Amino acid sequence: MAKLGPGVVVGGLTLSAMAVIGLLAFQANGAASRAVAAGPSSSASAATAASPAASEKPTAPPLPADSGAGLRVVFSLKDRQVWLVDPKKTDQVLASFKVTPGSALPNPGAYTVYSRTAAGTGTDGRQIEHVVRFTQQQGTVFGFSALVDENAPAPSMDPKTKTGGIRASRSDGQALWDFAPNGTRVVVVA
């Protein structure tokens, strides 16, 4: 039988450890995505209470009373908050998250998702994904999107340019994309 040198043994152990870590990271990522999609539960609440970092995260404001009924995306201009609402579960909020609106804001009212684009370039010149458009007002298109690279510096642009992109994080943008196909109602409240 051939003898293995210490370098081969250490290399093999290192590769095995990296494979296990990669598998655990993949599983943890999938579990986090399923937890967000499933909404709050008692086990999620227990985990949140046990985690000091999670307890520092502010809680979402309650769903606005004037947000309508049925399956809908609700966007509060004042709170800069989005709620994804499922009427099958007595208007249960499936997800809620903060967003950052562009330089222009849509008027309060009820709209319908009319266009979606998987990836593109925003009015501000940055690469975006999961674009969900719901209205156009005075030449400005309003829709939700997520930055592909949240750390990329914003390119300089004319400060008079009106931008209607309402930016979410990449994970929240994915959740909204999955929730709101064309025809989904979007309710904008003050």
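Anyway, here's the lowdown on the structure attached to this text.

Parameters at a glance
- Residues numbered from 1 in each chain as written.
- Predicted model: local features only at pLDDT ≥ 70, side-chain atom pairs only at ≥ 80, totals over all residues.
- Heavy atoms only, no water.
- Phe/Tyr/Trp six-rings, centres within 6.5 Å; stacked < 30°, edge-to-face > 60°.
- Helix = DSSP H or I, 4+ residues; strand = E, 2+ residues; numbered from the N terminus.
- Buried < 20%, exposed > 50% of the residue type's maximum accessible area, 1.4 Å probe, protein only.
- Pairing = 2+ DSSP bridges.
- Axes fitted to C-alpha atoms, helices over the stretch in contact; angles between N-to-C directions.
- Contact = heavy atoms within 4.5 Å.
- Polar contact = N/O pair within 3.5 Å; in protein donor to acceptor, adjacent residues only side chain to side chain.
- 1 Å grid on protein atoms, 1.4 Å probe; cavity = no way out; pocket = protein on both sides within 12 Å on 5 of 7 lines; lining within 4 Å.
- Points joined across faces, edges and corners; volume = space filled by probe spheres on them.
- Nonpolar A, V, L, I, M, F, W, Y, C, P; charged D, E, K, R; others polar.
- Lys, Arg positive; Asp, Glu negative; His and termini not counted.
- Salt bridge = Lys/Arg side-chain N within 4 Å of Asp/Glu carboxyl O.

The geometry of an aromatic ring pair comes down to the distance between the two centres and the angle between the two planes. Taken as a whole, this structure holds three aromatic pairs when the rule is applied. Geometrically, the ring pair formed by Phe 75 and Phe 144 is edge-to-face, given 6.0 Å between the ring centres and 85 degrees between the ring planes. Taken together, the residues Phe 75 in strand S1 (residues 72–76) and Phe 144 in strand S7 (residues 140–147) connect sequence positions 69 residues apart. Judged by centre distance (5.8 Å) and plane angle (50 degrees), the rings of Tyr 111 and Phe 134 are tilted. Remark: Phe 134 occurs in strand S6 (residues 127–137) and Tyr 111 occurs in strand S4 (residues 109–112); sequence separation between them is 23 residues. Taking relative accessible area as the criterion, Tyr 111 reaches 14% and is therefore assigned buried. The exposure class of Phe 134 is buried, given its relative accessible area of 3%.

With that settled, the discussion passes to the sheet that holds S4. Two pairing modes exist for strands in a sheet, parallel and antiparallel, and in both the strands are linked by backbone hydrogen bonds. The strand order across the open sheet built from five strands is S3-S2-S1-S9-S4, with neighbouring strands paired in mixed fashion. Because the sheet does not close on itself, it has two edges, and the strands there are strand S3 (92–98) and S4. Between one strand axis and the next, the sheet turns by 20 degrees as a mean value, whatever way the strands run. Where helix H4 (residues 170–179) meets the sheet, its contacts fall on S1, strand S2 (81–86) and S3, and the angle it forms with S2 comes to roughly 35 degrees.

Tracing the chain through its elements places Asp 172 in helix H4. For Asp 172, a relative accessible area of 17% gives the class buried. Here Ser 169 takes part through its side chain, which lies 3.1 Å from a polar atom of the side chain of Asp 172.

Okay, the sheet that holds strand S5 (residues 115–121) next. Strands sit in the order S5-S6-S7-S8 across an open sheet of four strands; the sheet is mixed. Looking at the sheet topology across the chains shown, the edges are occupied by S5 and strand S8 (165–168). Neighbouring strand axes in the sheet, compared pairwise and without regard to direction, differ in orientation by 30 degrees on average. Sheet strands touched by H4: S5, S6, S7 and S8. Its angle to S6, the strand with the most contacts, is close to 55 degrees.

Within this model, the second largest pocket holds a volume of roughly 350 Å³. Around the second largest pocket, the lining comprises 24 residues; the ones closest to its centre are Gly 122, Thr 123, Gly 164, Gly 165 and Arg 167. Contributing elements (two or more residues each) for the lining of the second largest pocket: S5, S6, S7 and S8. Ranked by residue count, the leading element in the lining of the second largest pocket is S7, at five residues. The residue inventory of the lining of the second largest pocket, partitioned by class, reads eight nonpolar, twelve polar and four charged.

Further remarks concern the side chain of Arg 126. Examined against the element boundaries, Arg 126 turns out to sit in the loop between S5 and S6. No salt bridge is formed by the buried Arg 126; its nearest oppositely charged neighbour, Asp 124, is found at 4.8 Å. What Arg 126 contacts, discounting residues up to four positions off in sequence, is Gly 120, Thr 121, Leu 147, Asp 149, Glu 150, Ala 152, Pro 153, Ala 154 and Pro 155.

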